[in-house]
Amino acid sequence: MPAAAAPMFDDAGPLTTDSGNVQLGWQAEGAVTLEMAAAGEAVPLYRGTNDSFFLTGLHDGNYTLRLIEEDSGEAAEVTLAVTHQSLGRALWLVGLGALVFLLTVGVIVRGARREESQP
Amino acid sequence: MTGDKVFLDPTVGWILLALFSVLWIGLGVYWGRRNKSFEDHALAGRNVGLALGTATAAATWITSNTTMLAPQFALQLGVWGMLAYSTAAFGLILFAPMAKRIRALMPHGYTSGDFFRLRYGRVAWAIFLVFTLFYSLTWLVSMAMAGGILLEALAGIDYAWGMSVILAVCVIYTMRGGLAAVIGTDFIQSLIIILGICVTGFAVLQNVSVEQIHANLTATKPALIDVLFPAAIMAIFNNLLFGLGEVFHNNVWWSRAFAFREGVAGKAFLMGGLVWLPIPVAAGFIALASGALGVAVPSADMVGPLVIAEVLGGVGAVAIFIVVFCSLASSIDSLLAATSDLITEDIWRRLLRPGSTADGLKRAAQWVTLGLGVLTWLVCLPRIGTLATVLFFAGPLVGAMIWPIVAGLYWRRANSAGAIGAMLAGAGVGLFCYFTIGWYVATLIATAVSMIWVMGATALGKSRFDWARLKEDA
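Each value, and the rule that gives it
Residues numbered from 1 in each chain as written. Chains lettered and ligands numbered in written order. Predicted model: local features only at pLDDT ≥ 70, side-chain atom pairs only at ≥ 80, totals over all residues. Heavy atoms only, no water. Contact = heavy atoms within 4.5 Å. Buried area = accessible area lost by both parts, 1.4 Å probe. Salt bridge = Lys/Arg side-chain N within 4 Å of Asp/Glu carboxyl O. Helix = DSSP H or I, 4+ residues; strand = E, 2+ residues; numbered from the N terminus. Nonpolar A, V, L, I, M, F, W, Y, C, P; charged D, E, K, R; others polar. Pairing = 2+ DSSP bridges. Axes fitted to C-alpha atoms, helices over the stretch in contact; angles between N-to-C directions. Parallel < 35°, antiparallel > 145°, perpendicular 65-115°, else oblique. Left-handed = near helix turned anticlockwise from the far one by under 90°. 1 Å grid on protein atoms, 1.4 Å probe; cavity = no way out; pocket = protein on both sides within 12 Å on 5 of 7 lines; lining within 4 Å. Points joined across faces, edges and corners; volume = space filled by probe spheres on them. Buried < 20%, exposed > 50% of the residue type's maximum accessible area, 1.4 Å probe, protein only. Expected span 1.5 Å × (residues − 1). Polar contact = N/O pair within 3.5 Å; in protein donor to acceptor, adjacent residues only side chain to side chain. Core = buried A, V, L, I, M, F, W, Y, C linked by side-chain atoms within 4.5 Å.

Novice: Even after reading the chapter, I still don't get the interface of chain B and chain A, so can you show me in this structure?
Specialist: By a widely used convention, the size of an interface equals the accessible area lost when the partners come together. Taken together, the 46 residues of chain B in the interface contact 36 residues of chain A. For the chain B and chain A pair, buried surface summed over both sides reaches about 3,500 Å², with 75% attributable to carbon and sulfur atoms. Our count for the contact surface shared by chain B and chain A stands at one salt bridge. With its nearest N and O atoms 3.6 Å apart, the salt bridge here joins E115(A) to R101(B). Among the elements that take part in the side of chain B that touches chain A, helix α10 (residues 230–249) of chain B stands out by supplying nine residues, more than any other. Residues that form the side of chain B that touches chain A fall into these classes: 37 nonpolar, five polar and four charged.

Rendered as structure tokens:
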């Protein structure tokens, strides 16, 4: 009987994201356990026969994802680096968006009021 | 959508599909029986009342993206993402006073293209037509593709068959019934959608408390409740302005402004926006509850159906199938009707056949609807692209049209140079940012550049537009 192939992530990594979320996919025979470790402590994320998992809501940091095949005990690992986009740039864009929106509202409201007073 | 989980037995799926298909086509034929002219077909005789007006504004804006992409937004960008999606309601709310002015300035108008042609001339009109047709076809294709993908994921109905049936049903009743059929079916569809989402929201809260959801998010997905989540806060105004651009420029909304009875347009759009506002919040809340409910999410676009199936079981599977089918139909029919009217009025009547009779225009609009349906079907058949990315590519184009429209409606000194430059520069810089920074800033940058251009050109311009030129006779 041939030995079962080790589980394998679709993207061998290292994975990176600037929005705290990542789509994971893998190939494995049967059920798997997916774990995530940050600073040494591993927490289980998923256990079952799916072949993908959407990981989201992560803060900045380096994470290690470990996929363990339940029958064979074989495992695969991939690293994930989360570096969120610049907060300064985000706040600057929020300010710009607020300005554009308020000016747009201002033109419409002022125009509508003028229309009411001068039909 | 990935994964092969099916929520509903395919036979049940086909029965539901058949029942709703017969219902929509029957109603479309019934409501279209009084249409004699192009005005009846395209604008429902310019006599739509407040209840139907409010329902069609809300239902058309509830697309499959609202029911499926809003949960995805919340799962990716958290609470801010959920709120960012709901800001699209401002598109309808701010269009309320604009619709009133449009109705007053253009009592004989048919399309948003008429406004660009009469207000800014043929060059601006041509640019507008390219932008709006790109956007409308992209939206139409993304909706039809979503239909096929969702019916396959929900009930195991083959993608090509599901997409073809949804598209064919919408083409048939829109061809036969025109805008009257679209608005009538929208009324029923909006009631079904709102009921379905409310039931789901309450069902989630029966299974898990808000405190449990918060605790789960804090422990496992902390960025989703972070007030300073950079990608999420960048998305707020980008999404808001995308919504404004979509509504302000597109003939889907202008045709309704022309179709509503006098005095109805402002109220209908305002109420439609307020009805729509909480729907993405409810849909997004479902996604945020997924962790507390113990639902493993294989891909972001599966989160809505997975949570609903978890809390409602078999009933939930039927409910989401019906809600998704109604969401898709209410958007596809509106897009087919409005885009075919735009092509019939702006290209067929104004460029190719200026002497067309009222009956001839109605027949032309019906053939254009059929042609659009066939074109969409051919594009969708190979199943290329994803739900979000295809549509967001159009963001800079619609953002760049906001200020030419707003200024053109309210400022006499707004001019063609301002409108043309604003659309080209705004869309160009926005698309550059789309590729160099990301989709979540592209619409915002495009709108900002367009706004500055319009303001500059208006300040420098000497001409003053005569509003009477917009009162062109049919």
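Novice: How should I be thinking about the sheet that holds strand β2 (residues 15–17) of chain A in this particular structure?
Specialist: What holds strands together in a sheet is hydrogen bonding between their backbones, with the strands either parallel or antiparallel. All names here are of chain A. Strand order in the open sheet formed by five strands is β2-β8-β7-β4-β5, and the pairing between neighbours is mixed. Of all the strands in the sheet, just β2 and β5 (41–48) have a single pairing partner and so form its edges. The mean angle between the axes of side-by-side strands here comes to 25°, regardless of whether they run parallel or antiparallel. Alignment of strand β7 (residues 61–69) against strand β8 (residues 75–82), held across eight bridges, turns out to be antiparallel. Considered in β8, the bridge of Y63 is made with L80.

Novice: Help me out: how do you make sense of the packing of helix α1 (residues 87–117) of chain A against α10(B) in this one?
Specialist: The packing of two helices is summarised by the inter-axis angle and the distance between the axes. Two elements in contact, α1(A) and α10(B), have axes whose closest approach is 8 Å; the angle formed by their N-to-C orientations is 25°. Of the possible angle classes, the one that applies to α1(A) and α10(B) is roughly parallel. Regarding α1(A) and α10(B), the two cross each other, and that crossing is left-handed. Residues L87(A), A90(A), L91(A), L93(A), V94(A), G97(A), A98(A), V100(A), F101(A), T104(A) and I108(A) of α1(A) pack against P230(B), I233(B), M234(B), F237(B), L240(B), L241(B), L244(B) and F248(B) of α10(B). Partitioning the contact of α1(A) with α10(B) into residue classes produces 17 nonpolar, two polar and no charged.

Novice: It is not clear to me how empty space enclosed by the protein should be interpreted in this structure. Could you clarify?
Specialist: To find leftover empty space, a probe the size of one water molecule is rolled over the atoms. Residues and elements named next belong to chain B. Across all of its chains, the model carries three cavities of 30 Å³ or more by this definition. In this model, the second largest cavity occupies a volume close to 130 Å³. Considering the residues around the second largest cavity, the lining is formed by 13 residues, among which I197, T200, I308, I320 and V323 are closest to the centre. Put simply, the parts of the chain that give the lining of the second largest cavity at least two residues each are α4 (64–86), α8 (159–207), α13 (278–288) and α14 (303–352). Looking at the lining of the second largest cavity, the element that brings in the most residues is α14, giving six residues. Of the residues belonging to the lining of the second largest cavity, the class tally is nine nonpolar, four polar and no charged.

Novice: How should the pattern of salt bridges be read in this particular structure?
Specialist: One side chain can pair with another of opposite charge once the charged atoms of both are near each other. All names here are of chain B. Counted under the stated rule, the structure contains six salt bridges over all chains. E345 is the salt-bridge partner of R349, the closest N and O atoms lying 2.7 Å from each other. Taken as a pair, R349 and E345 lie in helix α14 at a separation of four residues, close to a single helical turn. Among the residues examined, E345 registers a relative accessible area of 0% and is labelled buried. Three or more residues joined by partner-sharing salt bridges are found here, namely E345, R349 and R350.

Novice: What exactly am I supposed to notice about α1(A) here?
Specialist: Every α-helix winds through 3.6 residues per turn, so residues three or four apart in the chain are directed the same way. Look at α1(A): 44 Å from first C-alpha to last across 31 residues, which is about the 45 Å you get at 1.5 Å a residue. When we look at burial in α1(A), the residues that qualify are A90(A), L93(A), L96(A), G97(A), V100(A), F101(A), T104(A), V107(A), I108(A), G111(A), A112(A) and E115(A). Looking at the buried side of α1(A), the elements it contacts are α5 (89–105), α10, α18 (402–410) and α20 (439–460) of chain B. Its side-chain oxygen placed 3.3 Å from the backbone nitrogen of G88(A), S86(A) serves as the N-cap of α1(A).

Novice: Sorry if this is basic, but what is going on with the nonpolar core here?
Specialist: Soluble globular proteins tend to bury their nonpolar side chains together. By size, the foremost hydrophobic cluster in this structure holds 184 residues, and its most contacted members are F95(B), F248(B) and F269(B). Broken down by element, the residue count for this core peaks at 21 residues, all from α14(B). Once you skip the residues sitting within four places of it in the chain, F269(B) turns out to touch A57(B), L92(B), I93(B), F95(B), A96(B), A99(B), W253(B), R256(B), A257(B) and F260(B). Judged by nonpolar contacts, the second largest core, of 19 residues, contains L15(A), L34(A), Y63(A) and L80(A).

Novice: So what exactly am I meant to see when it comes to the pairing of strand β3 (residues 22–27) of chain A here?
Specialist: Within a regular strand, the side chains alternate between the two sheet faces. Relative to β3(A), strand β1 (residues 8–9) of chain A is paired through two bridges, and the arrangement is antiparallel. Looking across to β3(A), one finds that M8(A) is bridged to Q27(A).

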